[in-house]
Amino acid sequence: MAIQEIYDAVMEYDDTRVVELINQELDAGTDVKTILDEGMIAAMDMIGKQFSGGTLFVPEMLMAAEAVQAGLDVLRPHLVGTGTKPAGTVVLGTVRGDLHDIGKNLVGLMLEGGGFRVVDLGVDVDAETFITTAQENEADIIALSSLLTTSMPEMEKAVAAISEANENRNLNIKVMVGGPPINQNYADKIGAHGYGLDAPGAVALARTLVGD
Ligand code: B12
């Protein structure tokens, strides 16, 4: 069955095959959401479980994420066309002073694969840019990444600024944080709504934060 083949192609990191199979399914009139849910998201969920379980590592996860990304590029116009409602909107970026983006990009890809609309601001992003972008996009969540102990204070400042904006500008934006120097204690201390250990954790957390 062809949807199973899409799942298998993601598990085999074969982006060319993913694109080919998705095009075949679209030509055959298969529902876009079925392709997304049963082919790509199911495979990415499995990849995420294997990653969290320590049986699969970053290079494989990146290859799987790239295969999903290639498939998403084909599906994206159709998703807009069918009016499939995203699970929520996430504004994502690495905090000011920090130029690391590999983990953040994985988080973004997994969130997209998990049905979220992602506005990726890149690296070295200041608090106000996060807030104004979230406002403009009516985002549900701002997701902050930090890889450096020296950029952790910037994360704290960003969380404080977002919480102030929530009060003063009548917003209701949730903040989630992650990155190797971050942990649940730190997230609690700076007042973030959630902490995610890895990209699959980010998706699960985002789903909780939007009340899914
Ligand atoms: C690649 C890398 C670089 C590359 C970055 C390339 C790029 N495009 O990102 C380059 C060479 C540019 C670089 C530069 C520097 N780096 Co560097 N770098 C690394 C390295 C080797 C890998 C990081 C990585 O990509 N990991 C793979 C990803 C997939 O994992 P991840 O980032 O942890 O992300 C996962 C989770 O953390 C989580 N996650 C991440 N973000 C978020 C966000 C949310 C919301 C959630 C829920 C989850 C989440 O999900 C991700 C996927 O599962 C690490 C060492 C290491 N082994 O980790 C050092 C490291 C991070 N770098 C370090 C340093 C010191 C630097 C420099 C200061 C070096 C220098 N003296 O110039 C500069 C800083 C530049 C700057 N201003 O940012 C230190 C940081 C030490 C510290 N604790 O502060 C490390 C730990 C190396 C070391 N052992 O010293 N670096």
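Rules used in this analysis
- Residues numbered from 1 in each chain as written.
- Predicted model: local features only at pLDDT ≥ 70, side-chain atom pairs only at ≥ 80, totals over all residues.
- Core = buried A, V, L, I, M, F, W, Y, C linked by C-beta atoms within 7 Å.
- Buried ≥ 20, exposed ≤ 12 C-beta atoms within 10 Å, placed from the backbone.
- Helix = DSSP H or I, 4+ residues; strand = E, 2+ residues; numbered from the N terminus.
- Domains from an automatic or database assignment.
- Contact = placed C-beta atoms within 7 Å.
- Nonpolar A, V, L, I, M, F, W, Y, C, P; charged D, E, K, R; others polar.

Asker: Help me understand the nonpolar core in this model?
Answerer: Side chains of nonpolar character tend, in soluble globular proteins, to be buried together. Grouped together as the largest cluster of nonpolar side chains are 63 residues, with contacts concentrated most on Val10, Val90, Met110, Ile142, Met176 and Ala202. By residue number, the principal contributor to this core is helix H3 (residues 32-52), which donates nine residues. A domain-level breakdown of this core finds at least three residues from each of domain 1 (2-82) and domain 2 (89-209). If near-sequence neighbours (up to four positions away) are discounted, Ile142 is found in contact with Val91, Phe130, Ala134, Ile162, Ile173 and Val175.

Asker: Got a minute to help me understand the domain arrangement of the chain in this structure?
Answerer: Put simply, an interface is often sized by how much accessible area is lost when its parts join up. Each assigned domain of the chain is listed here: domain 1 (2-82) and domain 2 (89-209). Measuring from the centre of the C-alpha atoms in domain 1 to the corresponding centre in domain 2 gives 25 Å. On the side of domain 2, 10 residues touch domain 1, which itself brings 12 residues to the contact. Its residues assigned to classes, the side of domain 1 that touches domain 2 shows nine nonpolar, three polar and no charged.

Asker: Sorry if this is basic, but what is going on with unusual backbone geometry here?
Answerer: Glycine aside, residues mostly have negative phi, and peptide bonds are mostly found in the trans state. Positioned with a positive phi, Tyr13 is a non-glycine residue whose angle comes to about 60 degrees. The topology assignment puts Tyr13 in the loop between helix H1 (2-11) and helix H2 (15-27). The exposure class assigned to Tyr13 is partly exposed, which follows from the 19 C-beta atoms found within 10 Å. One non-glycine residue with positive phi stands out, namely Asp124, at about 60 degrees. Within the secondary structure, Asp124 is located in the loop between strand S2 (117-120) and helix H6 (127-136). By the C-beta count within 10 Å, which is 16 here, Asp124 ends up partly exposed.

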